[in-house]
Amino acid sequence: KNEVEQSPQNLTAQEGEFITINCSYSVGISALHWLQQHPGGGIVSLFMLSSGKKKHGRLIATINIQEKHSSLHITASHPRDSAVYICAVMNYGGSQGNLIFGKGTKLSVKP
Amino acid sequence: NAGVMQNPRHLVRRRGQEARLRCSPMKGHSHVYWYRQLPEEGLKFMVYLQKENIIDESGMPKERFSAEFPKEGPSILRIQQVVRGDSAAYFCASSPLGQKYEQYFGPGTRLTVT
């Protein structure tokens, strides 16, 4: 079993829909990252969380440390949001670079 | 402030050749991380370096792979005697001293071994 599990693996939505991507992890963590990888492959860091909730534009990320679960929400989705969204955790006690990654959720937003 | 830069963006090598991948961190960043993304697989940590120092290389294959981050110049990931299984996207990230959890990713180098 992977230490970081994402669901769903693939997601197709219509423009304007509210989207939720989930991430569950099985290790103690010091931080959790949400990353976005566009076709063509570049990676952008969206959020880094250690507790609570963060919002940036139409994106919201939440984390529940007790339940070892995080969600990424996209409000009013747009075709340009189409990308792979990756959850990554920093293992508590591990070196700060040693991120453990989920396999990603491939999002496609149709116009 | 330029972002993390990696070059080359695409690299083709024949089996047995050497591959050198370069990463220039963001200005003022002293920590560099290398990650590998194999086809159809998730990203995996390889190595974490500070200037002139390897902090954690627990994700590096035991043979043929090495990394350095010299006092001057970019960080280098070196793969000797490449094999087809080394074909992957290699990403570098950097973070500033004291900002433990923030990482900024480069665009990646796509290595193809023929």
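The rules behind these values
- Residues numbered from 1 in each chain as written.
- Chains lettered and ligands numbered in written order.
- Predicted model: local features only at pLDDT ≥ 70, side-chain atom pairs only at ≥ 80, totals over all residues.
- Heavy atoms only, no water.
- Helix = DSSP H or I, 4+ residues; strand = E, 2+ residues; numbered from the N terminus.
- Rg over C-alpha atoms; globule rule 2.2 N^0.38 Å.
- Contact = heavy atoms within 4.5 Å.
- Areas by Shrake-Rupley, 256 points an atom, 1.4 Å probe, with all protein chains shown as cover.
- Lys, Arg positive; Asp, Glu negative; His and termini not counted.
- Charge placed at Lys NZ, Arg CZ, Asp CG, Glu CD.
- Buried area = accessible area lost by both parts, 1.4 Å probe.
- Salt bridge = Lys/Arg side-chain N within 4 Å of Asp/Glu carboxyl O.
- Polar contact = N/O pair within 3.5 Å; in protein donor to acceptor, adjacent residues only side chain to side chain.
- Nonpolar A, V, L, I, M, F, W, Y, C, P; charged D, E, K, R; others polar.
- pLDDT = per-residue confidence, 0-100.
- 1 Å grid on protein atoms, 1.4 Å probe; cavity = no way out; pocket = protein on both sides within 12 Å on 5 of 7 lines; lining within 4 Å.
- Points joined across faces, edges and corners; volume = space filled by probe spheres on them.
- Buried < 20%, exposed > 50% of the residue type's maximum accessible area, 1.4 Å probe, protein only.
- Pairing = 2+ DSSP bridges.

### Looking at the overall build of chain A
And then number 1: When helices and strands are counted, chain A shows zero helices and 11 strands.
And then number 2: When the helices and strands of chain A are read in sequence order from the N terminus, they spell out β-β-β-β-β-β-β-β-β-β-β.
And then number 3: For a compact globule of 111 residues, the expected C-alpha radius of gyration is about 13 Å, and chain A comes in at 13 Å, within 12% of that figure.
And then number 4: If one aligns the C-alpha atoms of chain A with their principal axes, the spans along those axes are about 45 × 30 × 25 Å.
And then number 5: In chain A, of all internal contacts separated by at least 6 residues, the share reaching a separation of at least 24 is 55%.
And then number 6: Of the accessible surface of chain A, which amounts to about 5300 Å², a share of 50% is contributed by carbon and sulfur atoms.
And then number 7: Side-chain charges in chain A split into 10 positive and 6 negative, and the spacing between the mean points of these groups amounts to 4 Å.

### Comments concerning the interface of chain B and chain A
When the parts of a complex come together, some accessible area is lost, and that lost area is often taken as the interface size.
And then number 1: Contacts between chain B and chain A engage 22 residues on the former and 20 residues on the latter.
And then number 2: Summing the contributions of chain B and of chain A, the shared interface buries around 1700 Å²; its carbon and sulfur component is 59%.
And then number 3: Taken as a group, Leu 43, Tyr 101 and Phe 105 of chain B account for 37% of the area that chain B buries against chain A, more than any other trio of residues on that side.
And then number 4: Counting across the chain B and chain A interface gives zero salt bridges.
And then number 5: Between chain B and chain A we count one residue pair in polar contact (both at pLDDT 80 or more) in total.
And then number 6: Here the side of chain B that touches chain A is composed, by residue class, of nine nonpolar, eight polar and five charged.

### A few points about the side chain of His 31 of chain B
And then number 1: With respect to the helices and strands, the residue His 31 of chain B is situated in strand S4 (residues 29–37).
And then number 2: Here the side chain of His 31 of chain B touches Tyr 48 of chain B through a polar contact of 2.8 Å, side chain to side chain.

### Side note on the confidence of the model for chain A
And then number 1: Summing up the model confidence of chain A, the mean pLDDT is 92 and the portion of residues at 70 or higher is 95%.
And then number 2: Ranking the elements of chain A by mean pLDDT puts strand S10 (residues 99–101) of chain A last, at 90, and strand S8 (residues 69–74) of chain A first, at 98.

### Considerations on the layout of surface pockets
Once rolled over the atoms, a probe with the size of a water molecule shows which space is left empty.
And then number 1: In this structure, the largest pocket spans a volume of roughly 660 Å³.
And then number 2: With four residues, the single largest contributor to the lining of the largest pocket is strand S11 (residues 105–110) of chain A.
And then number 3: Along the lines of polarity and charge, the residues of the lining of the largest pocket split into 10 nonpolar, 11 polar and five charged.
And then number 4: When its volume is computed, the second largest pocket comes out at roughly 190 Å³.
And then number 5: Along the walls of the second largest pocket sit Asn 2, Glu 3, Val 4, Leu 99, Ile 100, Phe 101 and Lys 103 of chain A together with Gly 42, Leu 43, Lys 44 and Phe 45 of chain B, which together make up its complete lining.
And then number 6: Every element with two or more residues in the lining of the second largest pocket is listed here: S10 of chain A together with strand S5 (43–50) of chain B.
And then number 7: For the lining of the second largest pocket, the residue count by class is six nonpolar, two polar and three charged.

### A short note on the pairing of strand S4 (residues 29–37) of chain A
Residue and element names in this part refer to chain A.
And then number 1: In terms of residue burial, S4 counts as a mostly covered element, since nine of its nine residues are buried.
And then number 2: Direction of pairing for S4 relative to strand S9 (residues 83–91): antiparallel, over a ladder of eight bridges. By the bridge assignment for S9, Leu 35 is matched with Ile 86.
And then number 3: Where S4 folds back onto strand S5 (residues 43–49) in an antiparallel hairpin, the turn is made up of five residues, including Gly 40, whose phi is positive at roughly 100°.

### Describing the pattern of salt bridges
And then number 1: The tally for this structure, following the rule as stated, stands at four salt bridges over all chains.
And then number 2: Measuring nitrogen to oxygen at the nearest pair gives 2.9 Å for the salt bridge that ties Asp 81 of chain A to Arg 58 of chain A. Taken together, the residues span a long stretch of sequence, with Asp 81 of chain A in the loop between S8 and S9 and Arg 58 of chain A in the loop between strand S6 (52–56) and strand S7 (59–64) at a distance of 23 residues.
And then number 3: The shortest N-O distance in the salt bridge between Asp 86 of chain B and Arg 64 of chain B comes to 2.7 Å. A residue pair is termed long-range when its members are at least 10 positions apart, and Asp 86 of chain B in the loop between strand S8 (75–79) and strand S9 (88–96) and Arg 64 of chain B in the loop between strand S6 (53–56) and strand S7 (65–68) qualify at 22 residues.
And then number 4: Of the residues examined, Arg 64 of chain B reaches a relative accessible area of 24% and is grouped as partly exposed.
And then number 5: Sharing partners across several salt bridges, the network here consists of Glu 18, Arg 20 and Arg 78 of chain B.

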